[in-house]
Amino acid sequence: MTMDQAAKLEIFQAQVQNARSLKTALRQVHRCVNDALRSNDEAGVSAFTKTYALLFCSWAEANFSKIIHTPYGFEIDEIEEIQRAKGDGIAAAWKKAVDLGLRHLDAKRGSFQPNTKKKLFEAIDLHVLDPSLFRNKLAHGQWTVALNRKNDAVQAERTKQIAAMDVVQVSSWMRGHELMAEAVEALIESPHKAFMRDWYQYVVELEENIIRSKQRTLQQHKQKLIDKDARTGARAKRLRTDNT
C-alpha cells in the first residue's frame, strides 16, 4: 500500500518518540561507561561501550526515519525512493535524501549543487557508513570477533576495530550524525533560506568534528573525569554513599 499524508505524519510522530527515548538511554549508558572508567572496570567499559554503540546506531536509524517523514518535507514518492535506496545500506539512503533535497533548490546553475553534493556525500561516508557496519557486526552476535558476510571466515581488520572502539569515538559518530541531520532538515524544511545560508557551516563543523575526534583519546577522556571528580569532590561523595 502507498503511504498517505496521515500515515506519514503518524510515522513521524512515532519516530520522534523513539528517537527521544533512545537519546535518553544513550545518556544513561554513557554514564555507565564513565563510571566503569573511573573504577578501572575494563570488562564494564567494554560491555557498556558496545551497548552504547548499538544504541547509537538504533537512534541514528530512528532519527533518520523521523527526518525523511518530516511534515512538509519530502513527498510520498520521494520517501519511497529513499526507502528503496536503503536496501543498499543506510549511507545510500542518506545520499538519496541529499540528492532529492538538492533538486528542490533554485541554485541549479554553476557549481553550487555538485560541490554541495560532493561535500555532503563525503560526510555521509565518514559518519554514517562505518557506524552501520559496526552495528551489523554487534547486532549479529559478533561482539568480539567479526566474521565476513557469509560467516565463513574471520574479518581480522574489523575485529581490531571492534576492540579499539571507545566511547570517545562513538560520541564523535553521534555528533557527526546530529550535524548531518541538521543539514538535511534545513535542506528539506528551508531550502531557499536556512540551507543556502548555513550548509557550508555544517560541512565545516563536520570536518572539525573529524579532526577533534582523531585528536581525542580515551585516556584524555578518563583523565578529564578524574580531574572533575577531584575538583567537585564527586568521588568522595560516591564513596560515602556506597558505604552507607
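Residues numbered from 1 in each chain as written. Predicted model: local features only at pLDDT ≥ 70, side-chain atom pairs only at ≥ 80, totals over all residues. Heavy atoms only, no water.

Quick look at a positive patch on the surface
Counted only if it meets this: The residues that make up patches have over 30% relative accessible area and no salt bridge, and they are joined within 9 Å when like-charged or within 5 Å when they are Val, Leu, Ile, Met, Phe, Trp or Tyr. Note on areas: these come from Shrake-Rupley sampling with a 1.4 Å probe, and a residue is covered only by the protein chains present in the view. The salt bridge criterion pairs a side-chain nitrogen of Lys or Arg with a carboxyl oxygen of Asp or Glu, the two atoms within 4 Å. His is not counted, nor are the chain ends; Lys and Arg add positive charge and Asp and Glu add negative charge. To locate a charge, take atom NZ for lysine, CZ for arginine, CG for aspartate or CD for glutamate. Elements are defined by DSSP. Helices are runs of H or I of four residues or more, strands are runs of E of two residues or more, and each kind is numbered from the N terminus. Residue exposure (1.4 Å probe, protein chains only): buried if accessible area is under 20% of the type maximum, exposed if over 50%, otherwise partly exposed.
On the surface, R216, K224, K228 and R231 cluster together into a positively charged patch. Along the chain, K228 falls in helix α9 (residues 218–232). Looking at K228, the relative accessible area reads 44%, which means it is partly exposed.

Here we look at the environment of L147
With respect to the secondary-structure elements, L147 resides in the loop between α5 (112–139) and α6 (156–164). Residue classification places L147 among the partly exposed positions, given a relative accessible area of 25%. Sequence spacing of L147 and V204 is 57 residues, and the spatial spacing of their C-alpha atoms is 35 Å.

Here's the deal with the environment of G73
The test is simple: In this description, contact between two residues means that some pair of their heavy atoms is separated by no more than 4.5 Å.
With respect to the helices, strands and loops of the structure, G73 is situated in the loop between α2 (42–68) and α3 (76–85). The sequence separation of G73 and P191 amounts to 118 residues, and the corresponding C-alpha distance is 10.0 Å. Each residue touching G73, except ones within four places of it in the same chain, is listed here: K8 and I188.

A few points about helix α4 (residues 90–102)
Basically, it comes down to this: Helix span, as expected, comes to 1.5 Å for every residue beyond the first.
In this model, α4 (13 residues) spans 19 Å end to end at C-alpha, consistent with the 18 Å of a helix rising 1.5 Å per residue. In terms of residue burial, α4 counts as a mostly covered element, since 10 of its 13 residues are buried. Buried within α4 we find I90, A91, A93, W94, A97, V98, D99, L100, G101 and L102.

Points about the packing of aromatic side chains
Going by this rule: Centres within 6.5 Å are what make two rings of Phe, Tyr or Trp a pair, Trp counting through its six-membered ring; a difference in plane orientation under 30 degrees is then read as stacked, over 60 as edge-to-face, and the rest as tilted. Think of it as a cone above the ring: NZ of Lys or CZ of Arg counts as a charge over the ring if it is within 6 Å of the ring centre and within 35 degrees of the ring normal.
For the coordinates displayed, the defined rule picks out four aromatic pairs. Seen in terms of ring centroids, F64 and W94 are 4.8 Å apart; in terms of plane orientation they differ by 45°. Their pairing is tilted. On the criterion of sequence distance, the pair formed by F64 in helix α2 and W94 in helix α4 is long-range, its members being 30 residues apart. Classification of F64 by relative accessible area gives buried; the value is 2%. Of the aromatic side chains, those joined through ring pairs into one cluster are F56, W59, F134 and W173. If you follow R158 out to its NZ or CZ, it ends over the ring of F134, 5.6 Å from the centre.

Some words on the nonpolar core
The cut-off we apply is this: To define a nonpolar core, start from buried Ala, Val, Leu, Ile, Met, Phe, Trp, Tyr and Cys residues and group those joined through side-chain atoms within 4.5 Å.
The biggest cluster of nonpolar side chains holds 36 residues, and the ones touching the most others in it are F64, F74, I82, W94, M180 and F195. Going through the elements one at a time, α2, α3, α4, α5, α7 (167–189) and α8 (191–215) are the ones with two or more residues in this core. Those residues within four positions of I82 in sequence are excluded, and the remaining contacts are F64, I68, F74, A93, K96, A97 and L100.

A word on the confidence of the model for the protein chain
Put simply, the test is: Every residue gets a pLDDT, meaning the predictor's confidence in that residue, from 0 to 100.
Put simply, the protein chain has an average pLDDT of 87, and 92% of its residues get 70 or more. Put simply, helix α10 (residues 234–243) is where the protein chain has its lowest mean pLDDT, 59, and helix α1 (residues 5–38) is where it has its highest, 96.

Brief notes about unusual backbone geometry
In this model, N40 sits at a positive phi of 55°, which is unusual for a non-glycine residue. Mapped onto the secondary structure, N40 falls in the loop between α1 and α2. A positive phi is found at N151, a non-glycine position, where the angle reads about 60°. For N151, the location among the structural elements is in the loop between α5 and α6. Looking at N151, the relative accessible area reads 47%, which means it is partly exposed.

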